[in-house]
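# Report on the structure
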Amino acid sequence: MDNEADIREQDFHNAVREYIIFLLLIIALYLISHAVVCCIKRREERDDYYSGDEDFVVYRIVLFISTFSVAVSGGAALLLPFSLISNEVLLHYPNSYYVQWLNSSLIHGMQILRNKHISSCSKILGEKNCTYC
């Protein structure tokens, strides 16, 4: 009975670890993509986009959607190199304490999360011919 509780506790800790890593990765990708989108926009165009509160809200929603789309596409592009590098690191240092958080369930979870975000971006942007939806 105690062994079964230890297994469930280990599964719980692994799930919490994966969710924390996913959250940190999404936050980092969003901040980087927000900086990229803000650098691409010209500064003098900002005042012309909105004249009232309604236009300002619409402008902010468009900024959020475009930043989220850039973050998801950046994460999708970086998933393959990340998985290759993590597999090589695990092969070279299998017993290292500092790389124990890299495992196949984390990479598989990232792939599932990427597919969910790509389908949500496609639905938000209104694309009809989406292969991931």
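In this text the structure is predicted, and so the values were computed from the model without any measurement. (Residues numbered from 1 in each chain as written. Predicted model: local features only at pLDDT ≥ 70, side-chain atom pairs only at ≥ 80, totals over all residues. Heavy atoms only, no water.)

### Details of the layout of surface pockets
What counts is decided by this rule: Buriedness for pockets is judged along seven lines, at least five of which must meet protein on both sides within 12 Å for an open set on the 1 Å grid over protein atoms alone, while cavities are sets there where a 1.4 Å probe fits but cannot get out, and lining residues have an atom within 4 Å of a point. Grid points are joined across faces, edges and corners, and a volume is the space filled by probe spheres set on the points. Put simply, DSSP marks the helices as runs of H or I at least four residues long and the strands as runs of E at least two long, and each gets a number from the N terminus on. Each residue gets one label: Ala, Val, Leu, Ile, Met, Phe, Trp, Tyr, Cys and Pro are nonpolar, Asp, Glu, Lys and Arg are charged, and the others, such as Gly, are polar.
What the largest pocket holds in volume is close to 320 Å³. Taken together, 17 residues form the lining of the largest pocket, with Leu 25, Leu 29, Ala 71, Gly 75 and Ala 76 sitting closest to its centre. At the level of elements, α1 (2–40), α3 (53–92) and α4 (104–125) are the ones that each hand at least two residues to the lining of the largest pocket. Here the lining of the largest pocket is built from residues that sort into 14 nonpolar, two polar and one charged.

### Things to note about a nonpolar patch on the surface
Keep this limit in mind: Patch members must show over 30% relative accessible area and no salt bridge, and they are joined within 9 Å when carrying like charges or within 5 Å when they are nonpolar side chains of Val, Leu, Ile, Met, Phe, Trp or Tyr. Note on areas: Shrake-Rupley with a 1.4 Å probe; residue coverage comes only from the protein chains shown. One speaks of a salt bridge when a side-chain nitrogen belonging to Lys or Arg is within 4 Å of a carboxyl oxygen belonging to Asp or Glu. Each residue is placed in one exposure class: buried if its accessible area under a 1.4 Å probe, protein chains only, is under 20% of its type's maximum, exposed if it is over 50%, and partly exposed if it falls in between.
Side chains of Phe 12, Val 16, Ile 20 and Leu 24 sit close together on the surface and give an oily, nonpolar patch of about 380 Å² of accessible area. Relative to the assigned elements, Ile 20 resides in helix α1. By relative accessible area, Ile 20 is classed as partly exposed at 47%.

### Digging into the nonpolar core
What counts, and what does not: We define a nonpolar core as any set of buried Ala, Val, Leu, Ile, Met, Phe, Trp, Tyr and Cys residues linked to one another through side-chain atoms lying within 4.5 Å. In what follows, residue pairs with any heavy atoms lying within 4.5 Å of each other are defined as contacts.
One finds Ile 21, Phe 22, Leu 79, Val 99, Leu 102, Leu 106 and Met 110 forming the largest nonpolar core, which totals seven residues. Secondary structure elements with two or more residues in this core: α1 and α4. Aside from chain neighbours lying at most four places away, what touches Leu 79 is Met 110, Gln 111 and Arg 114.

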